[in-house]
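Listed below are the residues making up each chain.
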Amino acid sequence: METRDVAEALLLHDEAWGVRALDDGPVLQVCRDASHPVITVLGVRRVDSLDEVQRILPDAPTLATPLWWVDTVTPFGPAGEAGVTAALEASMELDAVCIVHGD
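Residues numbered from 1 in each chain as written. Predicted model: local features only at pLDDT ≥ 70, side-chain atom pairs only at ≥ 80, totals over all residues. Heavy atoms only, no water.

1. Section: helix H1 (residues 3-11)
Among all positions in H1, only Thr-3, Val-6, Ala-7, Ala-9 and Leu-10 are buried. One side of H1 carries all its buried residues, which in axial view fall inside an arc of 160°. Looking at the packing, one finds that the buried side of H1 touches strand S1 (18-22), strand S2 (27-33), strand S3 (36-47), strand S4 (67-73) and helix H3 (81-93). (Buried < 20%, exposed > 50% of the residue type's maximum accessible area, 1.4 Å probe, protein only. Helix = DSSP H or I, 4+ residues; strand = E, 2+ residues; numbered from the N terminus. Arc of directions from axis to C-beta. Contact = heavy atoms within 4.5 Å.)

The structure is reproduced here in structure tokens:
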């Protein structure tokens, strides 16, 4: 699993969206247009220990390891709703679990 795979799955939510690389490529941002990001994919990493999942997110559901952990962020408030919806849809496309947290 790579950051690009996640970004491409997010694009399935809206074919008019685009992707741009930040920080010379390791971070990808899915955008509605040039000035409106909807979700940023910060990274993808393999997790081999369930202890690591519990450390990062103590209320996570029981998951089998190894697994791929993807960190994403969306804009705060209503501007982030499209990104959250896209993440939920992408998780189904990738046969993954999507955990939404934060305030």
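2. So, the environment of Cys-98
If you trace the backbone, Cys-98 turns up in the segment after H3. Between the C-alpha atom of Cys-98 and that of Trp-69, which follows or precedes it by 29 residues, the distance is 9.9 Å. Those residues in contact with Cys-98, other than ones at most four positions away along the chain, are Ala-87, Leu-88 and Ser-91.

3. Focus on unusual backbone geometry
In most cases, non-glycine residues show a negative phi, while peptide bonds are predominantly trans. The amide bond that connects Thr-65 to the next residue, Pro-66, takes the cis arrangement and shows omega of 0°. Considering the arrangement of structural elements, one finds Pro-66 in the loop between helix H2 (50-56) and S4. With phi around 55°, Asp-95 is a residue other than glycine that occupies positive phi space. Within the element layout of this structure, Asp-95 appears in the segment after H3. Taking the relative accessible area as the measure of exposure, Asp-95 reaches 74% and is therefore exposed.

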